[in-house]
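Summary of structural features
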Amino acid sequence: MKWEKVAGMSVKSDTQHLEFLISQYVDGTLDVNTRKTVEQELVRNRDAREIYRQQQEVQDVLDDYGNRLPWINWDEFDKTLATKLENETMGSGERAWWVRWGKSMSVAAALLIAVGVGYSWRAWSGGEGTQEQVNMAVGGPANGPSKTFSINEDVVARGAGGVGSLSEFSVEMPTRSGSVVRNRVDISPPPEMAAKLALDDIIKIGTGVQAQPSSVTAGAERRETLVDLVP
Amino acid sequence: MNQRLPSDDAQQAEVKQAMAAAQELTLVLAAKAGDRGAFGQLAQLYQRQCAAVALRLLGNTHDTAELVQEALIKAYRCLHQLQQSERFGPWLMRIVTNLALNFRRGRARRQAISLEQSSAGADGEGGEDLRSTIAGRDLDRPEVPMASADLGSSIQRALDALPEKQRLALVMFAIEKMPQKDVADILNCSVEAVKWHVFTARKKLRELLDGQI
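For chain B, the count of helices and strands is nine helices and zero strands. For chain B, the succession of helices and strands along the chain, N to C, is α-α-α-α-α-α-α-α-α. Burial analysis of chain B (213 residues in total) assigns 33% to the buried set. If you take every contact in chain B between residues at least 6 apart in sequence, the share linking residues at least 24 apart comes to 58%.

Below, the structure is given as structure tokens:
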């Protein structure tokens, strides 16, 4: 079966094409030559006549339907329209520039804010901070060696309940052989939670209490390192 | 011998058409210059055609009158944006069809919401009645003479069931007899596509109205 393109759509070249031509014949939109061809086809082809009859029948119904006009009181309509037009100004339908460009501008503003927030977060989370290190010694268990903790000053200053930005801390532990082992612990964001947990854990380690896994995620690396530190 | 040839009638019709077009163009230019009276005359020229198209798309007279008013006011507000002053008719009709389509979508949403509320609020009968009413589209019954009201409402239901472009093409070209080029402009497609939409719409309509015609 052959197919051809009509108005961007594939059309079967036999019956459907004939139907399409007859539809245009009913509408009176064919050019003279095609109209003559269709008329010849209608004379010799009974199927073509049946297609024509069906299409003309539907069009007659539509013509009848089209003759029914809406029951509108046009005098009243004209009066209402005239009153409404009195209050209208030509050009008032035009949208202001900020409405027309509003969508693009809001997208641009959202992007700008997102970039700003991201940059601030990165800066605030301690990537480029100049935090001094302080050392504090915490007593170990009654019969065990004491441990030295080197932690971010910010955390000490703000305390366990405060909001700090601890990025890392180190733990120095004297071993039984007399040497000192230094462990550095990195803490990933969120920094405020990391700071609080870090202090809690330091105190626990310092007092010989076993560090417990926390439900707050402050970095898997940190937890593993802490567990290793407990004697 | 005062016998008139067919070509005389055709010529007269052409002259008449050209004069009407020139008169319309004058009115459009005057309205663009701020003459409200000229716009009023334009509105009177087109309001019946607008109402007829809107009625076929909306299905009831009350909404139709309201929508045509809205379309004419919108046209007045935006008249200065009309580039081709001689194409006022198709431009206005595009406003009417766009508003009608938006109205139909809004109405479908409102009906869906009220159906939800009804089925959630009332247990049983009330909700069921509303569902059957909407399914039968009795709410959209066009105002037609009683004798052929049934066929009229069947045609309206069948039109509602057609895809958007087919419905618009059929209403504007096959029912309202608007020129194919104008319909193509309004639908933003080619004249060939309009012919195809009319053909397929008429075919589907016959299937939908099977047994009634």
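Let us now look at the environment of B:Leu209. Residues and elements named next belong to chain B. Along the chain, Leu 209 turns up in the segment after helix H9 (191-208). When the 17 C-beta atoms within 10 Å are taken as the criterion, Leu 209 is described as partly exposed. Separated by 55 residues in the primary sequence, Leu 209 and Ser 154 place their C-alpha atoms 7.2 Å from one another. Excluding residues that lie within four positions of it along the chain, Leu 209 makes contacts with Ser 154, Ile 155 and Ala 158.

Turning next to the packing of helix H4 (residues 74-86) of chain A against helix H3 (residues 61-78) of chain B. Direction vectors running N to C along H4(A) and H3(B) enclose 35°, while the axes themselves pass 11 Å from each other. Considering the relative orientation of H4(A) and H3(B), their crossing is right-handed. Taken together, the residues of H3(B) that come into contact with H4(A) (itself represented by A:Phe77, A:Thr80, A:Leu81, A:Lys84 and A:Leu85) are B:Ala65, B:Gln69, B:Leu72, B:Ile73 and B:Tyr76. Per-class residue counts for the contact of H4(A) with H3(B) are seven nonpolar, two polar and one charged.

Let us look at the interface of chain A and chain B. At the interface, 35 residues of chain A touch 42 residues of chain B. At the level of secondary structure, the elements contributing two or more residues to the side of chain A that touches chain B comprise helix H1 (15-27), helix H3 (46-66) and H4 of chain A. For the side of chain A that touches chain B, the element with the most residues is H3(A), which contributes nine residues.

As for its placement among the helices and strands, B:Ile175 is situated in helix H7 (residues 164-175). A tally of 20 C-beta atoms within 10 Å means that B:Ile175 is categorised as buried. Between the C-alpha atoms of B:Ile175 and B:Val53, which are 122 residues apart in sequence, the distance is 8.6 Å. Residues contacting B:Ile175, with those up to four places away along its chain left out, are A:Leu62, A:Tyr65, A:Gly66, B:Arg56 and B:Leu170.

Thresholds applied
- Residues numbered from 1 in each chain as written.
- Chains lettered and ligands numbered in written order.
- Predicted model: local features only at pLDDT ≥ 70, side-chain atom pairs only at ≥ 80, totals over all residues.
- Helix = DSSP H or I, 4+ residues; strand = E, 2+ residues; numbered from the N terminus.
- Buried ≥ 20, exposed ≤ 12 C-beta atoms within 10 Å, placed from the backbone.
- Contact = placed C-beta atoms within 7 Å.
- Axes fitted to C-alpha atoms, helices over the stretch in contact; angles between N-to-C directions.
- Left-handed = near helix turned anticlockwise from the far one by under 90°.
- Nonpolar A, V, L, I, M, F, W, Y, C, P; charged D, E, K, R; others polar.

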